[in-house]
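# Analysis of the macromolecular model
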Amino acid sequence: MKKIESYQQASGQKVNKHKSFFITHHDLDPRINRRIKKWTGYGQSNFPFTYLGCPIYTCRKKINLFTDLATKVVSKVGDWQSKMLTARGKALIIKHIL
């Protein structure tokens, strides 16, 4: 926590405790997880989770990890039907999104 406080002072940025969390090995003693939560004020989470719209996972790729991302792409593509974009313009936007 001293390192995080040092970073906050040096950068002027604040760590949002409501959005931040920690991840530990699933076999770790629950008492240690409770101590970490008490000391940091952060919640505990597990894999998979989403960071900047992309799934972060440790297992093999599964379709359900990417459904939210695919839904966002499909909704963007659906919006194009109301707009007059050339095929080249649509391809450029698809590359940019992916």
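From a predicted model like this one, the values you see are computed outputs, not experimental measurements. (Residues numbered from 1 in each chain as written. Predicted model: local features only at pLDDT ≥ 70, side-chain atom pairs only at ≥ 80, totals over all residues. Heavy atoms only, no water.)

### Looking at the side chain of N33
- Here N33 is to be found in helix α2 (residues 30–40).
- Classification of N33 by relative accessible area gives buried; the value is 10%.
- Side chain to side chain, N33 and T24 meet in a polar contact 2.8 Å long.
- With residues up to four places along the chain from it excluded, the contact list for N33 reads F22, T24, L28 and Q44. (Helix = DSSP H or I, 4+ residues; strand = E, 2+ residues; numbered from the N terminus. Buried < 20%, exposed > 50% of the residue type's maximum accessible area, 1.4 Å probe, protein only. Polar contact = N/O pair within 3.5 Å; in protein donor to acceptor, adjacent residues only side chain to side chain. Contact = heavy atoms within 4.5 Å.)

### A word on the domain arrangement of the protein
- The domain boundaries assigned to the protein delineate domain 1 (1–46) and domain 2 (59–97).
- Between domain 1 and domain 2, the C-alpha centre-to-centre distance is 34 Å. (Domains from an automatic or database assignment.)

### Re the confidence of the model for the protein
- Confidence in the prediction of the protein, expressed as mean pLDDT, is 86, and 96% of residues score 70 or more.
- Looking over the protein, one finds the lowest element-wise mean pLDDT in helix α3 (residues 67–80), namely 78, and the highest in helix α1 (residues 2–11), namely 95. (pLDDT = per-residue confidence, 0-100.)

### Focus: the pattern of salt bridges
- Counted by the stated rule, this structure contains 1 salt bridge.
- Residue D29 is joined to R31 by a salt bridge in which the shortest nitrogen-to-oxygen separation is 2.7 Å. (Salt bridge = Lys/Arg side-chain N within 4 Å of Asp/Glu carboxyl O.)

### Comments concerning the packing of aromatic side chains
- For the coordinates displayed, the defined rule picks out 3 aromatic pairs.
- On the basis of an interplanar angle of 80° and a centroid distance of 5.1 Å, the ring pair of F21 and F49 is categorised as edge-to-face. One end of the pair, F21, is in strand β1 (residues 21–22); the other, F49, is in strand β3 (residues 49–51), with 28 residues separating them in the sequence.
- Of the aromatic side chains, those joined through ring pairs into one cluster are F21, F47 and F49. (Phe/Tyr/Trp six-rings, centres within 6.5 Å; stacked < 30°, edge-to-face > 60°.)

### As for a nonpolar patch on the surface
- On the surface, F21, I23, F47, Y51, L52 and I56 cluster together to form a nonpolar patch covering roughly 580 Å² of accessible area.
- By the element assignment, Y51 lies in strand β3. (Patch = residues over 30% accessible without salt bridge, like charges linked within 9 Å, V, L, I, M, F, W, Y side chains within 5 Å. Areas by Shrake-Rupley, 256 points an atom, 1.4 Å probe, with all protein chains shown as cover.)

### Notes on unusual backbone geometry
- Omega for the peptide link from F47 to P48 comes to -10°, which places this bond in the cis form.
- Among the secondary structure elements, P48 is positioned in the loop between β2 (43–44) and β3.
- For L52, which is not a glycine, the phi torsion comes out positive at approximately 55°.
- Given a relative accessible area of 74%, L52 falls into the exposed group.

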